Structures are given as C-alpha cells and as structure tokens.
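# Coordinate inspection notes
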Amino acid sequence: MDKKKNMMITLKVLNVSNHQPVSVELECTLKNETPDTYKILKWGTPFEETFNDHMFEVTRYGEPITYIGRQIKRGAPREEDFITINPWGVLSVKFFLENGYRINSSGEYAVRYRKPFINAKKDQGEMQLLPVLSNRVEFRIDK
C-alpha cells in the first residue's frame, strides 16, 4: 500500500512593525516529506512572490480579514511557473502579509496557509494534487 505523501508548510513571524503603515514580515518554508523530487506550481503559493490568490486564512480575534491582493485567471502553466523541491528538501521565501491582507487595526492576529493541496508534477508526469499541512502563527499589532 502506498504511504500518504505530504508537503508541509511552516510559517514563522519574522518582524511586526506597529508604525504606520503596519508591516508584518513572515517566512514560509515548504518541506517535501516524500522520497520523490517534485516540480511545484508556484501559482497561489508564497513562492510566486506576489499575492495573486487568497492563499492564507488570516483572522483578527477569530474573525476573517479581507484579502486585498489580486485574483487572476491564467492559461496553461509554463516551465518557469514551477519550482523544484528535492526529496526531503526544504524551500523558503519571505513576504509581507500587508501586501495581500488588510491588517491595519490593533489586535491579535492568526495566519495559516488555507489550501489543503499543492499542485505538483513528478518528472514530466501529469499535474497532481499533493496534500499540504500548515501550522498557524500568531502576532499582535499595537497602534
């Protein structure tokens, strides 16, 4: 029987600036918890390095925060739309949460990657959905 294969996303709060404008820098680390090399489609992940999709669940005191980034439609992915992750490999990227979510009020915030799957392909194979698990991080904004 085939063992369930997962990708793990770990978020980490790097810096919270309470000065106007508010800024929250996070790091996203993707770990391949499989013995296979995959090409991960960057679309809708922090590895795209811009907000083109509502990829995070962001809450303030448990209430959802508005996504303010773009939502775009695309054609078929090209080779440059993928990033390679080796067996048991790790990829990391830093980003600023305020570029995609309205986080301008004081309060207790929580963030986690909201998608249950990540698009990937192995070798030159067909696209597949790999399960992805994410932790949750919390931070506070005091204005």
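One structure accompanies this document, and this report is about it. (Residues numbered from 1 in each chain as written. Predicted model: local features only at pLDDT ≥ 70, side-chain atom pairs only at ≥ 80, totals over all residues. Heavy atoms only, no water.)

## A word on the environment of Phe96
- Within the element layout of this structure, Phe96 appears in strand β7 (residues 90-96).
- With 72 residues separating them in the primary sequence, Phe96 and Val24 have C-alpha atoms 5.5 Å apart.
- When residues no more than four places from it in sequence are discounted, the contact partners of Phe96 are Ser23, Val24, Glu25 and Phe51. (Helix = DSSP H or I, 4+ residues; strand = E, 2+ residues; numbered from the N terminus. Contact = heavy atoms within 4.5 Å.)

## A closer look at the packing of aromatic side chains
- Scanning the entire structure with this criterion turns up eight aromatic pairs.
- Where Phe51 meets Phe95, the ring centres are 6.1 Å apart and the plane angle is 75 degrees; that geometry is what we call edge-to-face. Here Phe95 lies in strand β7 and Phe51 lies in the loop between β3 (38-41) and β4 (56-60), a separation of 44 residues in the sequence.
- Feature note: the residues Phe51, Phe56, Tyr67, Phe95, Tyr101 and Tyr113 constitute an aromatic cluster, connected by ring pairs. (Phe/Tyr/Trp six-rings, centres within 6.5 Å; stacked < 30°, edge-to-face > 60°.)

## Side note on the sheet that holds strand β6 (residues 82-85)
- Spatial ordering of the open sheet is given by β6-β3-β9-β10-β1-β2-β7, a layout of seven strands whose pairing is mixed. Of all the strands in the sheet, the pair left with one neighbour each is β6 and β7. Adjacent strand axes in the sheet meet at a mean angle of 35 degrees when their direction is disregarded.
- Sheet analysis places β3 next to β6, joined by four bridges and oriented antiparallel. Pairing of Tyr38 across the sheet is with Ile85, part of β6. (Pairing = 2+ DSSP bridges. Axes fitted to C-alpha atoms, helices over the stretch in contact; angles between N-to-C directions.)

## Focus on unusual backbone geometry
- Here Tyr61, not a glycine, exhibits a phi torsion of approximately 50 degrees, which is positive.
- Along the chain, Tyr61 turns up in the loop between β4 and β5 (63-64).
- Even without being a glycine, Trp88 presents a positive backbone phi close to 60 degrees.
- Residue placement: Trp88 occurs in the loop between β6 and β7.
- On the accessibility criterion, Trp88 (52% relative accessible area) is exposed. (Buried < 20%, exposed > 50% of the residue type's maximum accessible area, 1.4 Å probe, protein only.)

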